[in-house]
Amino acid sequence: MDPFDSSDSLEGPSKTAATNAEVPVPWSRFSAWLECVCVVTFDLELGQAIELVYPHDVKLTEKEKTSICYLSFPDSYSGCLGDTQFSFRLRQSVGRSSSWFGHEDAYNRDAPVTLQKEHAHFHGYVYFRQVKDASVKRGYFQKSLVVVSRLPFGNLFHSLLQVIAPEYFEKHEPWLETVCNEIDQWPAPVPGQTLNLPVMGVVMQNLLPAPTVLPSVHELDLFKCFQSVLIHMQMLWELMLLGEPVVVMAPSPTVSSETVLALVSAIAPLRYCGDYRPYFTIHDSEFKEYTTRTQAPPNVILGVTNPFFIKTFHCWPHIIRLGDLKMSVKVKKLAKLKTLDTKTYIYNFLLCNKGIYTAYKTFLHKDKSFIKRLLKGIQKKRPSEVQSAILRRHLLEQTESFILPLERYLESLMPPQRSMSPWKTPPQIRSFSQDEFMKTLEQAGPQLTLKGDWTGLYRRFFRSPNFDGWYRLRHREMTQKVECLHLEAICAADLLTWNKDKSEVEIVDLILKLREKLMKARKHQLPVKEELLEKLEQSIQTIISSLPEDLQTLLHRQ
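As the structure is a computational prediction, the values presented were derived from the model and not from experiment.

Draft legend 1. Focus on helix H5 (residues 173-183). For H5, every residue scored as buried is listed here: Trp175, Leu176, Val179, Cys180 and Ile183. For H5, the arc enclosing every buried residue in end-on projection is 135°, short of the 170-degree limit, so these residues lie on one face. Next to the buried residues of H5 lie helix H1 (28-33), strand S2 (36-43), strand S3 (47-54), strand S6 (140-149), helix H4 (154-171) and strand S7 (194-199).

Following this line, the structure appears as structure tokens:
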């Protein structure tokens, strides 16, 4: 479901027209969407260099600037002439301060997990131009306009760049300053709303008719990304579900980044909790970390274009080698190779062949009828967006079918509501037992016709970063639900009657605990009706007023 699905047009006040009662923090609206906009150019002496960062007061570390420089230009091997768009993702420096201005709590609380703002990474959206220019020493004009954001809104930001980048290359910094000031008038992103986002005379909007209509802020053309590997979608889905290390070798950063992002989205609505880099270069700060041979490859998906990586990554367990979109794909199995020839064979295979190299054997059987349906669509020249919708629906249903038994089991771990007592500590959530869960599969297993070793797939999933991330998130949500139920039980209790035969020490202790619960409920915005919280606050004040004056004074000061 798209997080922006109801109408809300932008008619907000500018910074200069804001009332004295509510003066916005400078660049607060801009920062709800973007971290900054960078211009990266090629310097004959320095190589790639940042020419401009806007707003000027944005603080990027030197490490972040260096990473943005190298990630904003295609490898020379890509041969990208004209205009090229692609994406990257980089780890932010440790200890840097955020510029979210409080927007992240409200947005992330309501947004789907796959669309939440990142806490530790930046997304970079690049518009690169390389054209012949006799006035330049190297004979080429080379420059990138880069939008840096914590939001994974690829469609939106690439559309934004298509509007502003060509003009920027002609009009330079004054144009960029005007664009950024317009973005600073945008309303903050709100899940559940369709927003009109005007920029330089063009209104970008999703779902409602407009000059530039975005049906989604993030969804890719999955069919285009996976067309050459359609017959192996089951395997790719399992590799993503299990967080396996994967390298995507592509002819351009556009193909590389789109494929990596498509892979990550293949297990939606489950969040991919491993690391992923849509475009990765030999200059990346994590290059040594991800290319060491002294330990097993990490749980990461890397998109690369430099042929150097063919040799560097030939020992990785899963490699996807892409080129021109063709239906014929070869899959080589490690078990079929002679041990002595393995390294040489892999290197030569990757050097000369497109396809997938892996020793992985799927737990589930292929859904042949689904593959036939997509192949038939190709024969009938079915539009790519229709093919993508079919593919996305299939992957969604498969992921939901896999997650549903886990969700049902989690519900059984919740303490019953009748066990909630306002006078006792909330009951504990039962621990997750893998063996106990496995026993439930006989009666409540995945509701799919797809056959295979579901039990083996779950056991492997339990060792993956995706299970760890999913369970931590769900356990946190369950803990908040227990807190809500306990708070509701307290609000429904007759505190004044309970108070009558209690000592002053017991009453003060109760007041302090109730205040702490109220504070937590409001701080974490727990889904408890405001009238219940107000009722509890009134009860606390009534109890305080029944105490001696010295205790009243003490409690009012706290």
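Okay, back to it.
Draft legend 2. Region of interest: the pattern of salt bridges. Under the definition given, this model contains 28 salt bridges. A salt bridge links Glu530 to Arg522, with the nearest nitrogen and oxygen atoms 2.7 Å apart. You can call Glu530 partly exposed: its relative accessible area is 37%. One network of salt bridges, with partners in common, ties together Arg89, Arg91, Glu118, Asp275, Arg277, Asp284, Glu286 and Glu289.

Draft legend 3. Quick peek at the side chain of Glu238. The topology assignment puts Glu238 in helix H7 (residues 233-241). At 3.1 Å, the side chain of Glu238 forms a polar contact with the side chain of Gln234. In contact with Glu238, other than residues within four places in its own chain, are Tyr360, Thr362, Phe363, Leu364 and Leu457.

Draft legend 4. Molecular detail of the nonpolar core. Core analysis: the largest hydrophobic core is formed by 63 residues, its most contacted members being Phe226, Phe402 and Leu406. When residues of this core are assigned to their parent elements, the largest contribution, nine residues, is made by helix H13 (residues 384-413). Membership of the second largest hydrophobic core comes to 36 residues, among which are Leu34, Leu151, Tyr168 and Phe169.

What counts as what
Residues numbered from 1 in each chain as written. Predicted model: local features only at pLDDT ≥ 70, side-chain atom pairs only at ≥ 80, totals over all residues. Heavy atoms only, no water. Buried < 20%, exposed > 50% of the residue type's maximum accessible area, 1.4 Å probe, protein only. Helix = DSSP H or I, 4+ residues; strand = E, 2+ residues; numbered from the N terminus. Arc of directions from axis to C-beta. Contact = heavy atoms within 4.5 Å. Salt bridge = Lys/Arg side-chain N within 4 Å of Asp/Glu carboxyl O. Polar contact = N/O pair within 3.5 Å; in protein donor to acceptor, adjacent residues only side chain to side chain. Core = buried A, V, L, I, M, F, W, Y, C linked by side-chain atoms within 4.5 Å.

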